[in-house]
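The lines below spell out each chain.
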Amino acid sequence: QLQLVESGGGLVQPGGSLRLSCDATGDSFDYYVIGWFRQVPGKEREGVACISSSGGNIQYSDSVRGRFTLSRDNANNTSYLHMGNLKPEDTAVYYCAAGRGLRLFLTCLNPSQREYGNWGQGTQVTVSS
């Protein structure tokens, strides 16, 4: 029942910043772990960051740790991915996903987790001068 919509992508120069949003409808948002992923043509989908249902625990991939910040606002059914100091290698389609499960957060950077049953349609981020 949960539906997700990403927004905020666009073209940005290296070193710039963008904030992506993931808006959820249709279910109790605060029950879900939220993950952010990205994919480029010809490559496997890559985990970027994920956040526990309460927002108290966050994981980041090594490639974005220190540059990206993930948050969620359960009152407004929204998750935000702030991306700073962007690099050309950050260029990708970015997706958010939601899942429920007692132990999902432990491996929530893995996009193949079967608990991720709800996905957005993606938003393009292009980092180029």
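Residues numbered from 1 in each chain as written. Predicted model: local features only at pLDDT ≥ 70, side-chain atom pairs only at ≥ 80, totals over all residues. Heavy atoms only, no water.

**Side note on the side chain of Thr 123**
Then comes step 1: Checked against the element boundaries, Thr 123 lands in strand β11 (residues 123-127).
Then comes step 2: Judged by relative accessible area, Thr 123 falls into the buried class, the value being 10%.
Then comes step 3: Of the polar contacts made by the side chain of Thr 123, one reaches the backbone nitrogen of Gly 9; its length is 3.2 Å.
Then comes step 4: Beyond its immediate chain neighbours, meaning those up to four positions away, Thr 123 contacts Glu 6, Ser 7, Gly 8, Gly 9, Leu 20, Ala 92, Val 93 and Tyr 94. (Helix = DSSP H or I, 4+ residues; strand = E, 2+ residues; numbered from the N terminus. Buried < 20%, exposed > 50% of the residue type's maximum accessible area, 1.4 Å probe, protein only. Polar contact = N/O pair within 3.5 Å; in protein donor to acceptor, adjacent residues only side chain to side chain. Contact = heavy atoms within 4.5 Å.)

**Let's talk about the packing of aromatic side chains**
Then comes step 1: Evaluated as defined, the whole model comprises three aromatic pairs.
Then comes step 2: Judged by centre distance (5.3 Å) and plane angle (85°), the ring pair of Phe 37 and Tyr 116 falls under edge-to-face. Here Phe 37 is found in strand β4 (residues 33-39), whereas its partner Tyr 116 is found in strand β10 (residues 116-119), with 79 residues between them in sequence.
Then comes step 3: A relative accessible area of 0% places Phe 37 in the buried class.
Then comes step 4: Accessibility expressed as a relative area gives 5% for Tyr 116, which makes it buried.
Then comes step 5: With a centroid separation of 5.1 Å and 45° between ring planes, the pair formed by Phe 37 and Trp 119 is classed as tilted. Remark: Trp 119 occurs in strand β10 and Phe 37 occurs in strand β4; sequence separation between them is 82 residues.
Then comes step 6: On the accessibility criterion, Trp 119 (27% relative accessible area) is partly exposed.
Then comes step 7: Members of the aromatic cluster, connected to one another through ring pairs, are Phe 37, Tyr 116 and Trp 119. (Phe/Tyr/Trp six-rings, centres within 6.5 Å; stacked < 30°, edge-to-face > 60°.)

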